[in-house]
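Spelled out, the chains give:
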2 protein chains.
Amino acid sequence: MKQEKRNREGDPGSRLTAGGYRSTEPRRLLIELLSSTEECLTAEDLYLGAHHRNPRIGLTTVYRTLALLYDLGEVSRVEAGDGKARYELSEHSGAEHHHHLICAQCRRIRRYAEFSSEELELMRRTESALEKRFGYRITGHSIYFHGICPACAAKGDGGGRNA
Amino acid sequence: MKQEKRNREGDPGSRLTAGGYRSTEPRRLLIELLSSTEECLTAEDLYLGAHHRNPRIGLTTVYRTLALLYDLGEVSRVEAGDGKARYELSEHSGAEHHHHLICAQCRRIRRYAEFSSEELELMRRTESALEKRFGYRITGHSIYFHGICPACAAKGDGGGRNA
DNA sequence: GTGTCTGCAAAGTCTTTGCACCATA
DNA sequence: TATGGTGCAAAGACTTTGCAGACAC
């Protein structure tokens, strides 16, 4: 799979064409779906959303498009612990730096970008401390908060096989 | 699957028997393997480790034992982005609160428990802020640092399909 | 001795690949 | 029109389940 031309100008769609890839309906649709939500979507979510608008679109294309966007750095993967990968536009792709809230009940992952500069500062310091301590070259971090989302809390019950 | 008697006394092994489950060789071995490393292990890692010591032990038992320990809260799952679940003794199980370092190259996950009280304090404050803001009932958090481990850095090259 | 646990084999779920046709540039 | 992209079907990887024999208590 190609990985040239990974630039940072424009939107994911125009970077696709600028990279020599074609702008096709499935690709436009998936990018649009990913752009228009605070949630991380599974391949199936995306397939259903795209297929609803154009029934000719298949699941294979969804996986292949996600793999392409992933290789281009436009999309990142998140896992909720149920064995299904979830996808979101990456920070490289223009999304703000964000963290995640995972519902242990419905496994939905929501992101939020509103956090303190104190937090950013601390993470930066922690990263360099870890580099010194363990010899890792650290490129980033992700924070997941686990809990029960308002919708599931309203339904009552907080069970399930959680992390 | 049963889920009674989830107590916090003793070690994972004795909690198993206290919970009415039998102490069998595969179970003892898996707990021992998980206890004796700073790494998160895949089902296959555990299978190989256990099978090496007793070739009669099969992969099915590894999965079933992990499911049991998971339901008992003794073990938690971590995902490195390669589609394989990784397991470690949970904090409930006596492991210290810890965070993770994921190598984007070899996908190995290492944990570390040495962090500042400042960090703990900040996370606690962040959690309650999120509860107010988004209405989640937050039960915990996990932090992953992404990067390249010393071993992979030494081998040169930092590519791969990363998050 | 009884009920749980185990191993093997088969099945299930999510994801990837092969191939011929279609569409974008 | 020449490649790259797509859909379908089949294959692959990881995990779970069914069943008969084995073991812990």
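It should be emphasised that the depicted structure is a prediction, and the values quoted were computed from it without experimental measurement.

Conventions adopted
- Residues numbered from 1 in each chain as written.
- Chains lettered and ligands numbered in written order.
- Predicted model: local features only at pLDDT ≥ 70, side-chain atom pairs only at ≥ 80, totals over all residues.
- Heavy atoms only, no water.
- Contact = heavy atoms within 4.5 Å.
- Buried area = accessible area lost by both parts, 1.4 Å probe.
- Salt bridge = Lys/Arg side-chain N within 4 Å of Asp/Glu carboxyl O.
- Polar contact = N/O pair within 3.5 Å; in protein donor to acceptor, adjacent residues only side chain to side chain.
- Core = buried A, V, L, I, M, F, W, Y, C linked by side-chain atoms within 4.5 Å.
- Buried < 20%, exposed > 50% of the residue type's maximum accessible area, 1.4 Å probe, protein only.
- Helix = DSSP H or I, 4+ residues; strand = E, 2+ residues; numbered from the N terminus.
- Pairing = 2+ DSSP bridges.
- Near = heavy atom within 4 Å.
- Nonpolar A, V, L, I, M, F, W, Y, C, P; charged D, E, K, R; others polar.
- Least-squares fit on C-alpha atoms with pLDDT ≥ 70 in both.

> Would you take a moment to explain the interface of chain B and chain A for this structure?
How large an interface is tends to be reported as the accessible area lost when its parts come together. Each partner contributes to the interface: chain B provides 45 residues, whereas chain A provides 45 residues. The contact between chain B and chain A buries some 4,200 Å² in all, and 59% of this surface belongs to carbon and sulfur atoms. Two residues, Glu118 of chain B and Arg125 of chain A, come together in a salt bridge whose shortest N-O distance is 3.1 Å. For the pair chain B and chain A, the interface holds 12 residue pairs in polar contact (both at pLDDT 80 or more).

> Explain the nonpolar core here, please?
Side chains of nonpolar character tend, in soluble globular proteins, to be buried together. Core analysis: the largest hydrophobic core is formed by 30 residues, its most contacted members being Leu101 and Phe145 of chain A together with Leu101 and Phe145 of chain B. Mapped by element, the contributors of at least two residues to this core are β4 (99-103), α5 (117-134) and β6 (137-148) of chain A together with β4 (99-103), α5 (117-134) and β6 (137-148) of chain B. Beyond its immediate chain neighbours, meaning those up to four positions away, Leu101 of chain B contacts Leu130, Phe134, Tyr136 and Ile138 of chain A together with Arg108, Ile109, Arg110, Tyr112 and Phe145 of chain B.

> Would you mind showing me how to read the pattern of salt bridges here?
Side-chain pairs of opposite charge can arise where the charged atoms are in close proximity. Residue and element names in this part refer to chain A. Applying the stated criterion to the full structure yields 15 salt bridges over all chains. Two residues, Glu39 and Arg108, come together in a salt bridge whose shortest N-O distance is 3.9 Å. In this pair, Glu39 sits in the loop between α2 (25-35) and β1 (41-42) while Arg108 sits in the loop between β4 and β5 (109-112), placing the two residues 69 residues apart along the sequence. On the basis of relative accessible area, Glu39 is assigned to the partly exposed category, the value being 27%. Classification of Arg108 as partly exposed rests on a relative accessible area of 46%.

> In this structure, what is going on with the sheet that holds strand β3 (residues 85-89) of chain A? I would like to understand it.
Two modes of strand pairing occur in sheets, parallel and antiparallel, and in both the strands are linked by backbone hydrogen bonds. Residues and elements named next belong to chain A. Ordered in space as β1-β3-β2, the three strands form an open sheet in which the pairing is antiparallel. Looking along the sheet, the strands with just one partner apiece sit at the ends: β1 and β2 (75-79). Note that β1 and β3 share two bridges and pair antiparallel. Paired with Thr42 across the two strands is Arg86, which belongs to β3.

> How should I be thinking about the protein's contact with DNA strand C in this particular structure?
In the vicinity of DNA strand C, 19 residues are found, and the nearest of them are Tyr63 of chain A together with Arg22, Arg56, Ile57 and Thr61 of chain B. Within 4 Å of the protein, atoms of DNA strand C come from sugar and phosphate in 62% of cases. At 2.9 Å, a side-chain N or O of Arg22 of chain A approaches a base oxygen of DNA strand C. For the surface near DNA strand C, the elements supplying multiple residues, two or more each, are α4 (59-71) of chain A together with α2 (25-35) and α4 (59-71) of chain B. Looking at the surface near DNA strand C residue by residue, the classes come out as five nonpolar, seven polar and seven charged.

> What is the right way to read the relation of the copies chain B and chain A from this model?
Both copies of the chain are related by one operation, a rotation about an axis with a shift along it. Once chain B has been moved 0.0 Å along the axis and rotated by 180°, it coincides with chain A to within an RMSD of 0.0 Å. The transformation relating the two chain copies, once decomposed into turn and shift, fits a two-fold axis. No C-alpha of chain B approaches the rotation axis more nearly than that of Ile143 of chain B, which lies at 2.2 Å. The overlap is high: 100% of the interface residues of chain B also sit at the interface in chain A, so the same surface is used on both sides.

> Just checking my understanding: could you explain the sheet that holds strand β1 (residues 41-42) of chain B for this structure?
Residue and element names in this part refer to chain B. Spatial strand order, β1-β3-β2: three strands in an open sheet with antiparallel pairing. The two strands at the open ends of the sheet, each matched to only one other strand, are β1 and β2 (75-79). Where β2 and strand β3 (residues 85-89) come together, five bridges link them in antiparallel fashion. Paired with Glu79 across the strands is Ala85, a residue of β3.

> Help me understand the pairing of β2 of chain B, please; the structure alone is not making it clear to me.
Remark: a regular strand shows side chains that alternate across the two faces of the sheet. Here β2 of chain B lies mainly inside the structure; four of its five residues are buried. The loop that links β2 of chain B with its antiparallel partner β3 of chain B comprises five residues; one of these, Gly81 of chain B, has a positive phi angle of about 95°.

> How should the protein's contact with DNA strand D be read in this particular structure?
Looking at DNA strand D, there are 20 residues lining it, with Arg22, Arg56, Ile57 and Thr61 of chain A together with Tyr63 of chain B nearest. When the atoms of DNA strand D within 4 Å of the protein are grouped by moiety, sugar and phosphate amount to 68% of the total. Here a phosphate oxygen of DNA strand D and a backbone polar atom of Arg56 of chain A are 2.5 Å apart. In the model, a phosphate oxygen of DNA strand D is placed 3.1 Å from a nitrogen or oxygen of the Ile57 of chain A main chain. For the surface near DNA strand D, the secondary structure elements donating two or more residues are α2 and α4 of chain A together with α4 of chain B.

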